[in-house]
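# Chains, contacts and geometry: an overview
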Amino acid sequence: MEDQREYFKIALRNIRTRRLRSFLTVLGIIIGVFLIISLLSLSEGLKTTINKQLQAMGGEMIMVMPGGEEDIFTSMMFGGAKLQKQDIEAIKKAKGVDKVLGFSYTGTIARYKDESKQIAMCGYDPWKESLDVLSIFQGWSLAEGRWPSKGNQILIGQYIANEIFSKKIKAGSEMVIKGKKFEVAGILNSLGSKQDDSMAYMDMKVYQNLTGEKQGTAAYAIVKLKEGADENVVKTEIEDSLEKTRKRRAGTDVADFSVITSEKMGEITGTILDIIQVVIIGFASIAIVVGGIGITNSMFTSVRERTKEIGIMKAIGAKNSAILSIFLIEAGIVGIFGGIGGVLLGSILAKVIDYYGQINPTFYFTTTISPWMIVFALVFSFSIGCLAGFFPARAAAKLKPVDALRKYE
Amino acid sequence: MEPIIKLENVWKIYQLGKTELAALRGLSLEINPGAFVAIMGASGSGKSTLLNIIGCLDFPTKGKVYLKGEDITKMSESQLAQLRGKVLGFVFQEFNLLPNINCLENVMLPMVFQRVPFLERKEKAEKILKMVGLEKRMIHQPAELSGGERQRVAMARAFANNPEVIIADEPTGNLDSTTGKMIMEFLKDFHIKQGKTMIVVTHDPNIANYAEEIINIKDGQITKNHLAAEKVLWKTKENILKSP
């Protein structure tokens, strides 16, 4: 260990002597690690956001949405097929189902005082019942005001109330959405995710009048189960029931359905996010490998430049393993410095994205940097450094002392 | 007495394209412990090749080389490195200090390779540097020193592991005559006081005169061995002309 410490010192001096070249080599690794950290932190952030929403959906709920499970994200992101009136009736008929809440949402422009901003509006059907279910089972609560009782009354999320408009919105104020005047009956406490907090909630009938969506339909449905009913049993019941109506409507343009328990929802999003992460790591790894080739290149040059030094060290008793160690340590240091630099830059970018998201309500990205990410980046960059340095180091170690000393003579 | 270095019918043949060049031709040599030997010869005579083989830096093409009775041609790279570091100390014409580390660290380096603990090697290196009169230059980089000072650091480095043999390749070749003389005095002193074997390669008769025995090399073979008694002839410039 003693001698390794000395080799470390020598390696560090060598790096310092070739400052500019070392810096450029380190930069190659920095870029790779920076990519890994910033992209991974974004996808981790996405995971956190989605998980929060899943939690907000609650454990005892089942979600029904049009579209097969395989293209669940397409329907969630872009909408598309709707649940028809018959579908919702079919869900209600299934055993173990207590209540069915249909809901749709869309982005829109809202005006408060003299300011117009982008928000999301969401309609629930049946409105009164939804409010009961949501407040009792989903933990909706009012920060101020009261629950709406008339069609022109709405609930708004924390984000709309406090952040989106330059003036804070108080309960009882007037807002204009899609040209229609609304009274803000109540302001909800935070629902746990920014998306939910950026919505204006209203009666589905009003929503559909405003958006032109067909009455009686809904983009999604949340199913509240009867006391003691098993999630998976009810899921099958709903599927059977939907299947029957579907057969009756054969020939018309009927979409697929997905009946998803909260458990299943977690699995699906988990799988998709895992794929995203693998892809990200793949791309960023390419960047790191390129950085690694930079290290190899720089180390080969360094071996050539220092051939005589290698000869001297061998003459005064350095074994091949000592020379190998010195050069490997050098490459490893370059790698780990690149890793540290990349982690720092990546974290800074992640913070900037977070900050931008906070001041910009329609920008939904948040980032999360977990310790394993940092450890992974550092270990990875160090290994790449050592790997890239291996061949130059071996070439250096294999030099015959007499040949190495004769160099430049 | 068993010779510390023994060469038996050593050949070194370099392959230059299609032609072969024999730098050493069946050379045999014995150097006893505690001897002070100068190897002389014109450039291209094979003296550097001989020095490399004596110094275990190179293997002969044919023949046997014994260092302390051990056949080095049968040793692995690592064993050889270990032996070099322990038994031999090198002083080069070009000083060959590592430029990135200071004088003290340069002197400590051979001890690192012999796994001497840090404090011990630091203490030893400081002592040797003091001995060569460089106690005030210890933390200077080699580039900040004069040629003579650098060569003294190189000597200190050669002494670091307390080797039995010091091999000096034209140690004064890059120095003015006064500094050169000082360096030779150091080497002689080391030889006399500590009884170390000294092998100096030179083409300068004044330097060779410090030795007790002079080996002349020509075309890869030993032409003449002068003993201490004969070398007196070479003491002055006029005498060189008269020398046989």
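Residues numbered from 1 in each chain as written. Chains lettered and ligands numbered in written order. Predicted model: local features only at pLDDT ≥ 70, side-chain atom pairs only at ≥ 80, totals over all residues. Heavy atoms only, no water.

All names here are of chain B. On average, chain B scores 87 in pLDDT, and the residues at 70 or more come to 92%. Ignoring residues within four places in sequence, the model shows residues 232-244, a span with pLDDT below 50, making 17 contacts including any to other chains. Across the whole predicted complex the pTM is 0.68, and at the interface the ipTM reaches 0.87. (pLDDT = per-residue confidence, 0-100. Contact = heavy atoms within 4.5 Å.)

Take the interface of chain B and chain A next. Contact with chain B, which involves 30 residues of that partner, is made by 27 residues of chain A. The interface formed by chain B and chain A contains 2 salt bridges. Among the salt bridges present, the one from Glu6 of chain A reaches Arg121 of chain B, with a minimum N-O distance of 2.6 Å. Seen at the junction of chain B and chain A, the total is 7 residue pairs in polar contact (both at pLDDT 80 or more). Of all the elements in the fold, those that place two or more residues in the side of chain B that touches chain A are helix H2 (77-87), helix H3 (103-113) and helix H4 (118-131) of chain B. Counting residues per element, the side of chain B that touches chain A draws most heavily on H2 of chain B, at 6 residues. For the side of chain B that touches chain A, the per-class residue count stands at 15 nonpolar, 7 polar and 8 charged. (Salt bridge = Lys/Arg side-chain N within 4 Å of Asp/Glu carboxyl O. Polar contact = N/O pair within 3.5 Å; in protein donor to acceptor, adjacent residues only side chain to side chain. Helix = DSSP H or I, 4+ residues; strand = E, 2+ residues; numbered from the N terminus. Nonpolar A, V, L, I, M, F, W, Y, C, P; charged D, E, K, R; others polar.)

Turning next to helix H13 (residues 371-398) of chain A. All names here are of chain A. The end-to-end C-alpha separation of H13 is 40 Å, in line with the 40 Å expected for 28 residues at 1.5 Å each. The sharpest bend along H13 reaches about 40° and sits at Phe390, with the proline Pro392 one to four residues further on. Among the residues of H13, those classed as buried are Met373, Ala377, Ser381, Ile384, Gly385, Ala388, Gly389, Pro392, Ala393, Ala396 and Ala397. (Expected span 1.5 Å × (residues − 1). Bend = angle between axes of the 7 residues up to and from the residue. Buried < 20%, exposed > 50% of the residue type's maximum accessible area, 1.4 Å probe, protein only.)

With antiparallel pairing, 4 strands are arranged side by side in an open sheet as S2-S1-S4-S5 (chain B). This sheet does not close on itself; its edge strands, each paired only once, are strand S2 (19-31) and strand S5 (70-71) of chain B. (Pairing = 2+ DSSP bridges.)

Quick look at the nonpolar core now. The biggest cluster of nonpolar side chains holds 79 residues, and the ones touching the most others in it are Ile5, Leu7, Leu50, Ile54, Leu109 and Ile199 of chain B. Here this core gets 9 residues from one element, more than from any other, and that element is helix H12 (residues 320-359) of chain A. Here Ile5 of chain B is in contact with Leu29, Glu30, Ile31, Ile54, Tyr66, Leu67, Val165 and Ile199 of chain B, once residues within four sequence places are set aside. In this structure, Ala94, Ile169, Ala218 and Phe257 of chain A belong to the second largest nonpolar core, which totals 41 residues. (Core = buried A, V, L, I, M, F, W, Y, C linked by side-chain atoms within 4.5 Å.)

Attention now moves to the pattern of salt bridges. Residues and elements named next belong to chain A. Evaluated as defined, the whole model comprises 20 salt bridges over all chains. Of the charged contacts in the structure, one is a salt bridge between Arg18 and Glu330, with a shortest N-O distance of 2.3 Å. Note that Arg18 is positioned in the loop between helix H1 (2-17) and helix H2 (19-57) and Glu330 in helix H12, a separation of 312 residues in sequence. A single burial state applies to Arg18 and to Glu330, both of which are buried. Across the salt bridge formed by Glu183 and Arg146, the nearest N and O atoms sit 3.0 Å from each other. Within this pair, whereas Glu183 is found in strand S7 (residues 180-188), its partner Arg146 is found in the loop between strand S4 (142-145) and strand S5 (153-156), the two being separated by 37 residues in sequence. Residue Glu183 is classed as partly exposed on the basis of its relative accessible area, which comes to 25%. Its relative accessible area of 41% is what places Arg146 among the partly exposed residues. Overlapping salt bridges, with partners in common, bring together Arg18, Arg306, Glu309 and Glu330 in one network.

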